[in-house]
Amino acid sequence: MRERMPTVVSTDVVCLGESMVTFLPSQAGRLADVPSFERAIGGAESNVACALAGSGHSVRWVSRVGADGFGDHLVETIAARGVDIGFVGRDPRRPTGIYFRTEGERPTTLDATGDSGGAAEVVYYRAGSAASAMSPQTVDLGTVDDADVLHVTGITAALSEECLELMRVLTGPRPDRPLVSFDVNYRVGLWDRAEADAAPGPGVLLELARGCDVVFAGEDEAAAAWGVTGGPESLRERLPEPAVLVVKQGGEGATAFVRGDEGGDGEAADTVHFEPALRIDVAGAVGAGDGFAAGFLSATLRGLPLAERLRHGHLTAAAALTVPGDLAEPPSREVADRLVALDDEDWRALHLGPGWNTGKADPS
Ligand SMILES: Nc1ncnc2c1ncn2[C@@H]1O[C@H](COP(=O)(O)OP(=O)(O)O)[C@@H](O)[C@H]1O
Ligand SMILES: [Mg+2]
């Protein structure tokens with residue numbers, strides 16, 4: 001049943017996807033040994049929404065949460081970041097998803113430098129969540145299409161059959177569709193389960209990406225999800241349809257392919273640009289990709305040239321990388337524009353650490 005919604009007012013960006021309440025450990029160690037957790041929130045699409053709102057754009061987060069306290073907390077926290085939450089559905093029968101995690105550092109895998117190669121343990125309680133019931137029936141297309149940009153990610157496609165159906169509609173052709181932005185966000189754990197259920201595997205992400213206008217993919221995730229190795233050019237060969245393809249190459253940089261006739265018949269040659277990433281004292285890697293997407297989309301909305309779109313991506317990623325959590329405050333437009341305008345040599349010499357984006361420490 002379609003829910004009654006307030007009147008839609010046009011917005012710059014709509015981000016659609018599941019967010020969850022997350023519980024961060026009070027101390028390092030095995031999940032089995034952590035005695036207490038601190039509450040925070042997580043969700044790729046709401047991270048992008050919050051970063052874009054922080055960069056001065058009007059943003060709506062479209063999702064579903066349970067009619068429970070965790071749903072209240074998500075909606076209140078995201079609204080406090082300046083995001084419109086007026087079209088978040090409340091499901092009285094399904095709970096809000098939650099997850100628990102450990103710190104990345106597992107003492108069993110310490111190497112000589114004291115760094116850990118060990119991944120954090122993460123346990124999700126999201127199966128059957130309110131957001132997993134997002135579908136073309138429960139999400140009003142009128143609330144997602146009245147924007148300049150619609151941003152979605154591959155996570156949604158893995159949540160349920162209904163969510164995949166919704167993703168097919170959102171990334172498919174329809175009249176007056178906004179610019180559709182898609183971050184692949186391949187999460188191996190979500191797709192393992194899908195394979196066990198004989199549901200579509202991660203190849204469906206490539207199919208969905210073909211229908212989008214702007215696609216963000218990590219070089220590593222393209223290899224893991226689709227077996228595409230051989231660098232950004234190989235991925236572009238496999239994915240020629242999107243007018244803009246951004247291949248993220250971690251701490252190295254990012255390569256963007258923009259079709260000469262952006263929005264045309266797909267025959268024109270690409271413009272290709274590589275922009276090096278920044279040197280960063282990483283405080284927490286979670287949320288970097290979301291920051292990158294937000295920075296790139298913000299610059300796209302402002303009509304900035306390709307090289308600057310990539311630099312804004314790197315800078316908003318840097319904001320996420322230099323805070324422990326994943327909800328970073330993006331740099332002010334004035335700071336970001338000043339750094340983006342640096343010549344190549346000064347850009348490469350930038351070294352950002354905690355506090356650079358909030359004016360508490362000067363970039364050096
Ligand atoms: N080690 C690093 N040093 C500098 N920048 C980085 C580093 N790792 C990631 N980034 C920045 O974050 C962006 C997103 O990184 P990525 O690994 O794709 O994130 P995610 O895994 O969250 O999708 C990169 O394009 C780059 O701008
Ligand atoms: Mg990602």
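Going by an unreviewed UniProt entry, the protein carries the name Sugar kinase and comes from Streptomyces bathyalis. In UniProt, the protein has this text filed under Sequence similarities (unreviewed entry): "Belongs to the carbohydrate kinase PfkB family."

A closer look at unusual backbone geometry
If you check the backbone angles, D176 has positive phi at about 55 degrees while not being a glycine. With respect to the helices, strands and loops of the structure, D176 is situated in the loop between α5 (161-170) and β10 (179-183). According to the relative accessible area criterion, D176 is exposed, its value standing at 75%. In this model, N185 sits at a positive phi of 40 degrees, which is unusual for a non-glycine residue. Within the secondary structure, N185 is located in the loop between β10 and α6 (188-196). When its relative accessible area of 7% is taken as the criterion, N185 is described as buried.

Considerations on the pairing of β10
Among the five residues that make up β10, four are buried, leaving the element largely enclosed by the rest of the structure. The sheet contact formed by β10 and strand β11 (residues 214-218) spans three bridges and is parallel. Counted as the bridge partner of F182 is V215 from β11.

Quick word on the site of ligand 1
By nearness alone, every residue bordering ligand 1 is listed as K248, G250, G251, A277, L278, I280, A288, G289, F292, H314, A317 and L321. A distance of 2.9 Å separates an oxygen atom of ligand 1 from a polar atom in the backbone of G289. When ligand 1 is considered free in solution it has 560 Å² of accessible area, and contact with the protein chains removes 75% of it. Those elements that provide at least two residues to the shell around ligand 1 are α10 (288-301) and α11 (306-321). Taken together, the residues of the shell around ligand 1 sort by class into seven nonpolar, four polar and one charged.

Thoughts on empty space enclosed by the protein
With the rule as written, the count across this model stands at three cavities of 30 Å³ or more. Volume-wise, the largest cavity comes out at about 90 Å³. As for the largest cavity, its lining consists of 15 residues, of which N47, A51, G291, D326 and A328 are closest to the centre. Elements that contribute at least two residues to the lining of the largest cavity include exactly α1 (44-54), α10 and α11. A total of four residues in the lining of the largest cavity trace back to one element, the largest contributor, which is α1. For the lining of the largest cavity, a count of residues per class yields eight nonpolar, four polar and three charged.

Comments concerning the sheet that holds β10
Strand pairing in a sheet takes place through backbone hydrogen bonds and is either antiparallel or parallel in direction. What the eight strands build is an open sheet, ordered β4-β1-β9-β10-β11-β12-β13-β14; its pairing is mixed. Each edge of the open sheet is held by one strand with a lone partner, namely β4 (59-62) and β14 (270-276). Each neighbouring strand pair of the sheet contributes to a mean axis angle of 15 degrees, computed without reference to strand direction. Sitting on the sheet, α1 touches β1 (11-16), β4 and β9 (147-153), and the angle it makes with β1 is about 160 degrees.

Quick notes on the pattern of salt bridges
All told, the structure shown has 15 salt bridges when counted by the stated rule. When the shortest N-O distance is used, the salt bridge between D91 and R64 registers 3.7 Å. Here D91 is found in strand β6 (residues 89-91), whereas its partner R64 is found in strand β5 (residues 64-66), with 27 residues between them in sequence. Judged by its relative accessible area of 6%, R64 falls in the buried class.

Each value, and the rule that gives it
- Residue positions are given per chain, counting from 1 as you read along its sequence in written order.
- By the order in which they are written, chains take letters starting at A while ligands take numbers starting at 1.
- Whole-chain, interface and lining totals are the exception, using all residues; otherwise, since this is a predicted model, local features are given only for residues with pLDDT of at least 70 and side-chain atom pairs are given and counted only at 80 or more.
- Computation of side-chain values: all heavy atoms of the structure, hydrogens and water removed.
- UniProt positions are given in the numbering used here, feature names are shortened, and annotations may be inferred rather than shown by experiment.
- A run of H or I in DSSP becomes a helix once it reaches four residues, and a run of E becomes a strand once it reaches two; helices and strands are each numbered from the N terminus.
- Classification of residues uses two cut-offs on accessible area relative to the type maximum, computed with a 1.4 Å probe and protein chains only: under 20% is buried, over 50% is exposed, and between them is partly exposed.
- Two strands pair if DSSP finds at least two bridges between them.
- Throughout, the term near means that a residue has one or more heavy atoms lying within 4 Å of the molecule or strand in question.
- Counted as a polar contact is a pair of N or O atoms within 3.5 Å, where, for protein atoms, one must be capable of donating a hydrogen and the other of accepting one, and residues adjacent in sequence contribute only when both atoms are in side chains.
- Areas reported here follow the Shrake-Rupley algorithm with a probe of radius 1.4 Å; residue values treat only the protein chains shown as occluding.
- Three residue categories are used. Nonpolar comprises Ala, Val, Leu, Ile, Met, Phe, Trp, Tyr, Cys and Pro, charged comprises Asp, Glu, Lys and Arg, and polar comprises the others, including Gly.
- Cavities and pockets were defined on a 1 Å grid built over protein atoms only: a cavity is a set of grid points that admits a 1.4 Å probe from which the probe cannot escape, a pocket is an open set flanked by protein on both sides within 12 Å along at least five of seven lines, and lining residues are those with an atom within 4 Å of any such point.
- Grid points are joined across faces, edges and corners, and a volume is the space filled by probe spheres set on the points.
- Axis geometry follows a simple rule: fit a line to the C-alpha atoms, using only the stretch in contact for helices, then measure angles between N-to-C directions, giving values from 0 to 180 degrees.
- By definition in these notes, contact holds between two residues if any of their heavy atoms fall within 4.5 Å.
- Salt bridge criterion: a side-chain nitrogen from Lys or Arg within 4 Å of a carboxyl oxygen from Asp or Glu.

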